[in-house]
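Single-letter residue listing:
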Amino acid sequence: MDINYVQTTCPYCGTGCSFNLVVKDKKVIGVAPYHRSPVNEGKLCPKGNYAHEFINSPDRLTTPLIKKNGKFEPATWDEAYDLIAKKFKSYKPDEMACLASARVSNEENYAMMKFARGVLKTRHIDHCARLCHASTVAGLAASFGSGAMTNSIGDIAQSKCVFVLGSNTFEQHPLIGRRIVQAHENGAKLIVADPRFTPTAKQADLYMAFVSGSDVAILNGMMQEIIRNGWEDKEFIKTRTKDYEKLKEVVMKDAYSLENVSKISKIPVAQLKTAAEWFAKAESACICYSMGITQHTVGVDNVKSTANIQMLTGNLGKAGGGVNALRGQNNVQGACDMGALPVVFTGYQKVIDEAAHKKFSDAWGFPDGICEAKNGYEVTTMMDVLADKPGELKAMYIMGENPMISDPDLHHVEKALKTLDFLVVQDIFMTETAELADVVLPAACYAERDGTQTSTERRVQMWRVAQAPPGEAKVDWQIFCELAAKMGYAKQFPWKSAEDIFTEIAKVTPSYGGMNYARLNRPEALHWPCPTVEHPGSPILHIGRFSHPDGIGVFTPIEWKPPAEVPDAEYPYVLTTGRCLWHWHTGTMTRRSDSLEREEPTGWIEMNPEDAKALDIKDHEMVRAMTRRGQVNVPARVTKDIMKGVMFMPFHFKECAANVLTNNALDPVAKIPEFKACSVKVEKIKEGK
Ligand SMILES: Nc1nc2c(c(=O)[nH]1)N[C@H]1C(S)=C(S)[C@@H](COP(=O)(O)OP(=O)(O)OC[C@H]3O[C@@H](n4cnc5c(=O)[nH]c(N)nc54)[C@H](O)[C@@H]3O)O[C@H]1N2
Ligand SMILES: Nc1nc2c(c(=O)[nH]1)N[C@H]1C(S)=C(S)[C@@H](COP(=O)(O)OP(=O)(O)OC[C@H]3O[C@@H](n4cnc5c(=O)[nH]c(N)nc54)[C@H](O)[C@@H]3O)O[C@H]1N2
Ligand code: SF4
Ligand SMILES: [Mo]
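Residues numbered from 1 in each chain as written. Chains lettered and ligands numbered in written order. Predicted model: local features only at pLDDT ≥ 70, side-chain atom pairs only at ≥ 80, totals over all residues. Heavy atoms only, no water.

### Some details on the site of ligand 1
1) Next: The immediate surroundings of ligand 1 are formed by 34 residues, with Asp194, Gly213, Asp215, Arg579 and His583 found nearest.
2) Next: One of the backbone N or O atoms of glycine 292 is found 3.0 Å from a nitrogen atom in ligand 1.
3) Next: At 3.1 Å, a side-chain N or O of histidine 296 approaches an oxygen atom of ligand 1.
4) Next: Considering ligand 1 on its own, with 910 Å² of exposed area, one finds that the protein chains cover 100% of that surface.
5) Next: Residue assignment for the shell around ligand 1 shows that the elements contributing at least two residues are helix 6 (169-172), helix 13 (291-294) and strand 21 (573-578).
6) Next: Considering only residue class, the shell around ligand 1 consists of nine nonpolar, 18 polar and seven charged.
7) Next: The residue makeup of the shell around ligand 1 includes at least three contributed by each of domain 3 (146-325) and domain 4 (573-684). (Near = heavy atom within 4 Å. Polar contact = N/O pair within 3.5 Å; in protein donor to acceptor, adjacent residues only side chain to side chain. Areas by Shrake-Rupley, 256 points an atom, 1.4 Å probe, with all protein chains shown as cover. Helix = DSSP H or I, 4+ residues; strand = E, 2+ residues; numbered from the N terminus. Nonpolar A, V, L, I, M, F, W, Y, C, P; charged D, E, K, R; others polar. Domains from an automatic or database assignment.)

### Here's the deal with helix 3 (residues 106-120)
1) Next: Here helix 3 is 15 residues long and its end C-alpha atoms lie 20 Å apart, about the 21 Å a rise of 1.5 Å per residue gives.
2) Next: Buried residues dominate helix 3, accounting for 15 of its 15 residues.
3) Next: Of the residues flanking the end of helix 3, it is lysine 121, one or two places downstream, whose phi is positive at about 60°. (Expected span 1.5 Å × (residues − 1). Buried < 20%, exposed > 50% of the residue type's maximum accessible area, 1.4 Å probe, protein only.)

### Concerning the site of ligand 2
1) Next: Looking at ligand 2, there are 35 residues lining it, with Asn402, Ser406, Asp427, Thr586 and Asn659 nearest.
2) Next: At 3.0 Å from a nitrogen atom of ligand 2 is found a side-chain nitrogen or oxygen belonging to glutamine 295.
3) Next: One of the side-chain nitrogen or oxygen atoms of arginine 579 is found 3.1 Å away from a nitrogen atom of ligand 2.
4) Next: Counting residues per element, the ones that place at least two in the shell around ligand 2 are strand 15 (422-427) and strand 21.
5) Next: When the residues that make up the shell around ligand 2 are grouped by side-chain class, the tally is 14 nonpolar, 14 polar and seven charged.
6) Next: Looking at which domains feed residues into the shell around ligand 2, each of domain 2 (65-131 + 330-527) and domain 4 (573-684) supplies at least three.

### What to know about the packing of aromatic side chains
1) Next: What the rule picks out here adds up to 29 aromatic pairs.
2) Next: Summarising the aromatic geometry, the rings of tryptophan 77 and tyrosine 81 are spaced 5.4 Å apart at their centres and angled 40° between planes, so their arrangement reads as tilted. Within this pair, tryptophan 77 and its partner tyrosine 81 are both found in helix 2 (residues 77-89), separated by four residues, close to a single helical turn.
3) Next: By relative accessible area, which is 3% here, tyrosine 81 ends up buried.
4) Next: A ring pair is formed by tryptophan 604 and phenylalanine 653, whose centres lie 6.3 Å apart and whose planes are at 50°; its orientation type is tilted. Of this pair, tryptophan 604 sits in the loop between helix 23 (594-597) and strand 22 (605-607) while phenylalanine 653 sits in the loop between strand 25 (646-650) and strand 26 (663-666), and the two are 49 residues apart along the sequence.
5) Next: Judged by its relative accessible area of 0%, phenylalanine 653 is buried.
6) Next: Above the plane of the ring of phenylalanine 546 lies arginine 240, whose end atom (NZ or CZ) is 4.5 Å from the centre. (Phe/Tyr/Trp six-rings, centres within 6.5 Å; stacked < 30°, edge-to-face > 60°. Lys NZ or Arg CZ within 6 Å of the ring centre and 35° of its normal.)

### Examining unusual backbone geometry
Trans peptide bonds make up most of the peptide bonds, and negative phi angles are found at most residues other than glycine.
1) Next: The residue after tryptophan 528, namely proline 529, is reached through a cis peptide bond having omega -5°.
2) Next: Within the secondary structure, proline 529 sits in the loop between strand 19 (526-527) and strand 20 (553-554).
3) Next: At lysine 121, a residue that is not glycine, the phi angle is positive and equals roughly 60°.
4) Next: Among the secondary structure elements, lysine 121 is positioned in the loop between helix 3 and strand 7 (125-126).
5) Next: Under the relative-accessibility criterion, lysine 121 is labelled buried at 14%.
6) Next: Despite not being glycine, histidine 585 has its phi angle at roughly 40°, a positive value.
7) Next: Secondary-structure assignment places histidine 585 in the loop between strand 21 and helix 23.

Shown next as structure tokens:
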């Protein structure tokens, strides 16, 4: 029997676990532990454990498809490329937009970024980080000069107090959850604040239930309590930060007394007091946050507030401290690092900075230049422009994203995408978004390519080929090379391997400058920044100085604001949305995995027994959930694990899609939608209706 083990990294979450793919007769048949990874030490969560199950699904796309008279017909790659090249050449640069992907490698995001800015010459490129940690990228960059998770995953185990706010770490980043358990076993206090009594919350020493959208008030209240008691780190504030007095002026307002914060958040005063005391007095304290903080119209404010409390307590640049913004998708950190954002090239070099623009223009050598030195549209802006100003954007190229399930207000998204003259979707499955496309291109999946991905702790790790792609599917970067060649730019896309692309990335990206495949090809890989080949990489950021040019951290005073939509007589409940342990986003992969699909075969709406009683709704009963955007029928899950007045839906399930309901209101800076709070009404479905 011909069995091989191919070491690779997980295609799901940003934790960046490693495992072996078990390959029999040239096909992946299973997952086996790989013990030498310092991230997961051989352990896996269910998604990693079953990460082989979708790979050889009969539904994989195997040939390019071209829509003719409303129906997809198989086509050759040449036919598909010819059509795409002809159409793309017929538009002006800024009439086209690209969505890159947090699911694919750094090399592939770089290839799409270069294709967008160099071949199409459009300013408009973005990806799902917009829906996810855009607030982090903007907020932490303003506070610390760098928008990334400050400490490493292993470091969390050393913390003496872990404050989990807006992260269901045990279900969404289980192998980071393991480090929290280790910290706890070593005596750390665990504080969890969440509107839901999640599996993470159930492990806490102190659990604070609160109403979605009150995070700034909670953090300001805790800071007021810390300052009142003189628990702030005066030395850190003096030597490493600025604008402390401005912060103090706001957080010391009566509006943020614990009594007032308790009114806004519904957290008892005594709990807020305890949280502030444990947090401030711990030798080291870290914050772990994720979407509960970022996905708000005040997402950037929320993020800056986490930075404020960490500077106030001197918990930065040291082991066991930090603002641990847990990045979601396997390679969302990398897609951002690669400049798949409308404002930056790789390594956060600004598009509007003339020197950076010239650097890329010179390095790439497009004879007819690259995109203008102007910022482009964010994903959410693209959808608004499409829906509200039809004709301004005419064509879109979407790689590895499924906005028809994942973007807010799906009726709006459908209206938007339907105004396009030409849509190309490159995916591994026929998705709801691909159904709307003119051309669908079949891509290889993670197990079928070499490449690198960057985890939430900025660790750049390898993917390795375990089997050939199905049918005629191709690796994503190869598709860009071939298409660029068809459009007359073969010289700018000369790569023969993923490694060739990485070499180019390292040349133009200072934070990746010292990396190469030989250095990455070992269990611990490397954390960026790693500017030179001698540099050992940087597991912890901001030691001794922040990343701003003057090295100083910035306090930002923040006032609490309620969500864009708050409950009223007509829509009396807060709807918050998110995930479950077993499924991944739009379900394309996990719903094709029998072991995972069996656990949660459909969606639900979670509600408190008191709310259910008032609505005369029983557990498991089908109910109708309605917002100002739309309505869905969905089974009720009646549980004490959610606070009264708040309801929760996972967004994985197309048959009861949470995003039909969500609000497309955006944070003014990050342009992230408010997935975590809108107003909903729910009713029993009466017979015959
Ligand atoms: N199994 C699984 N794991 C995943 C994913 C997946 O789809 N499935 N997706 C990955 C991705 S891309 C991401 S971004 C991460 C997301 O990881 P998380 O952010 O941990 O997941 P969510 O379920 O979106 O939301 C986290 C928590 O925020 C709480 N919450 C709701 N409203 C508020 C609020 O106003 N304030 C605060 N503080 N909390 C609130 C919710 O009750 C929920 O428990 O997970 C990653 N991991
Ligand atoms: N209501 C609500 N909505 C949300 C959120 C929420 O909390 N609530 N969270 C938001 C967040 S944080 C995120 S990150 C987004 C995620 O939103 P999306 O990125 O749209 O969701 P995914 O299902 O991960 O879609 C990725 C697509 O990539 C494809 N794919 C996988 N591997 C490959 C590959 O190797 N090559 C190619 N070409 N394609 C591949 C998959 O089949 C899938 O269609 O959802 C957002 N939407
Ligand atoms: S924790 Fe994340 S990276 Fe690790 S196995 Fe689970 S999904 Fe994969
Ligand atoms: Mo995400």
